[in-house]
Amino acid sequence: NNRTGRSKKAIEAAPPPDVTDVCSPVFLTAFRTFMKEEAHAGHVLECYLACIAYKERPSYHGLEDLQTRFITKNGSHEIGVAIKDADLVAEALARGYRNEMTEPPRQLLHNLENELQIRLGRHVRNFRRSDVFRSEINSRAGRLWRILKLCENTHSKAEEFQNKVLDTLFDVVDYHVVK
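Residues numbered from 1 in each chain as written. Predicted model: local features only at pLDDT ≥ 70, side-chain atom pairs only at ≥ 80, totals over all residues. Heavy atoms only, no water.

## Side note on the overall build of the protein chain
Inclusion rule: The numbering of helices and of strands both runs from the N terminus, where a helix is a DSSP run of H or I of at least 4 residues and a strand a run of E of at least 2. Contact definition: two residues touch when any of their heavy atoms are within 4.5 Å. Note on areas: Shrake-Rupley with a 1.4 Å probe; residue coverage comes only from the protein chains shown.
Secondary structure summary: the protein chain contains nine helices and zero strands in total. In the protein chain, the succession of α and β elements from N to C terminus is α-α-α-α-α-α-α-α-α. Considering only intrachain contacts with a sequence separation of at least 6, the fraction spanning at least 24 residues in the protein chain is 74%. Summed over all atoms, the accessible surface of the protein chain reaches about 11,700 Å², with 56% contributed by carbon and sulfur.

Structural data, given as structure tokens:
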């Protein structure tokens, strides 16, 4: 039935999207549209996406761009980050320009990425209640995302159950072998 996947009950049964889900190609355009309505939050989203891009392909140029746009005071899209994170970036840039042969560490922005995920979490909850999300989740890509997410959750629960059963079985075998 074509309407089954679009029903309110089916949408509510789907796992709620997290920050990584809404930054996937399925929801990113809709989430950006939603974030334009939120004051200052669009910059946080763009900084988070820049951190993800940096992690996938670390470079001093990308790190410097991230610093000038989002991290430094009076940056074009300053978001206000923790001083320790700003200092880490500044130190990495200072070391990197002295030694161009090395690549900046991938995990350099790990703490900043986690902080941004926390900040975006509130907006993701609001996004899930919005009309923009509802229309996106009812699209073909949104229905496919729901199915894949349910399969992913089922698979992880099955693995968890399998591991518990195997642990119990090994404990029983060990008990009988030792005895």
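## Points about the environment of alanine 141
Inspection of the secondary structure puts alanine 141 in helix α9 (residues 140-178). For alanine 141 and proline 25, which are 116 residues apart along the polypeptide, the C-alpha to C-alpha distance reads 9.3 Å.

## A look at the layout of surface pockets
Let me state the cut-off plainly: Buriedness of a pocket was judged along seven lines, with at least five required to meet protein on both sides within 12 Å; pockets are open sets of points on a 1 Å grid over the protein atoms alone, cavities are sets where a 1.4 Å probe fits but cannot get out, and lining residues have an atom within 4 Å of a point. Grid points are joined across faces, edges and corners, and a volume is the space filled by probe spheres set on the points. For this scheme, ten residues count as nonpolar: Ala, Val, Leu, Ile, Met, Phe, Trp, Tyr, Cys and Pro. Four count as charged, namely Asp, Glu, Lys and Arg, and the remainder, Gly too, count as polar.
Each pocket or cavity is described by its volume, and for the largest pocket that value is around 210 Å³. Elements represented by at least two residues in the lining of the largest pocket include exactly α1 (8-13) and α8 (131-137). With three residues, the top contributor of residues to the lining of the largest pocket is α1. Residue classes in the lining of the largest pocket are distributed as two nonpolar, no polar and five charged.

## So, the packing of aromatic side chains
For any pair of aromatic rings, the description rests on two quantities: the centre-to-centre distance and the angle between the ring planes. Rules: Stacked, edge-to-face and tilted labels apply to pairs of Phe, Tyr and Trp rings (six-membered ring for Trp) whose centres lie within 6.5 Å, assigned for plane angles under 30 degrees, over 60, and everything in between, in that order. Classification of residues uses two cut-offs on accessible area relative to the type maximum, computed with a 1.4 Å probe and protein chains only: under 20% is buried, over 50% is exposed, and between them is partly exposed.
Within the structure shown, the criterion is met by six aromatic pairs. Considering the side-chain rings of phenylalanine 31 and phenylalanine 127, the 5.1 Å spacing of their centres and the 70° angle between planes classify their relative orientation as edge-to-face. In this pair, phenylalanine 31 sits in helix α3 (residues 28-37) while phenylalanine 127 sits in helix α7 (residues 110-128), placing the two residues 96 residues apart along the sequence. With a relative accessible area of 0%, phenylalanine 31 lands in the buried category. Taking relative accessible area as the criterion, phenylalanine 127 reaches 0% and is therefore assigned buried. Ring geometry for phenylalanine 127 versus phenylalanine 133: centroids 5.3 Å apart, planes at 70°, classification edge-to-face. Here phenylalanine 133 falls in the buried class, since its relative accessible area comes to 4%. Members of the aromatic cluster, connected to one another through ring pairs, are Phe27, Phe31, Phe34, Phe127, Phe133 and Trp145.

## Observations regarding the packing of helix α4 (residues 41-56) against helix α5 (residues 60-71)
Defined as follows: Inter-axis angles, ranging from 0 to 180 degrees, are taken between N-to-C directions of lines fitted to C-alpha atoms, where helices are fitted over the stretch in contact. Between 65 and 115 degrees an angle is taken as roughly perpendicular, under 35 as roughly parallel, over 145 as roughly antiparallel, and anywhere else as oblique.
At a closest axis distance of 10 Å, the pairing of α4 and α5 adopts a crossing angle of 170°. Taken together, the axis directions place α4 and α5 in an arrangement best described as roughly antiparallel. Across the interface between the two elements, His43, Glu46, Cys47, Ala50, Cys51 and Tyr54 from α4 touch Leu63, Leu66 and Phe70 from α5. Class assignment of the residues belonging to the contact of α4 with α5 gives a composition of seven nonpolar, one polar and one charged.

## Looking at the pattern of salt bridges
Worth spelling out the cut-off: Take a side-chain nitrogen of Lys or Arg and a carboxyl oxygen of Asp or Glu: if they are within 4 Å of each other, that pair is a salt bridge.
Per the stated rule, a full pass over the model turns up eight salt bridges. A salt bridge links arginine 134 to aspartate 131, with the nearest nitrogen and oxygen atoms 2.6 Å apart. With arginine 134 and aspartate 131 both in helix α8 and three residues apart, this pair spans about one turn of that helix. For arginine 134, a relative accessible area of 39% translates into the label partly exposed.

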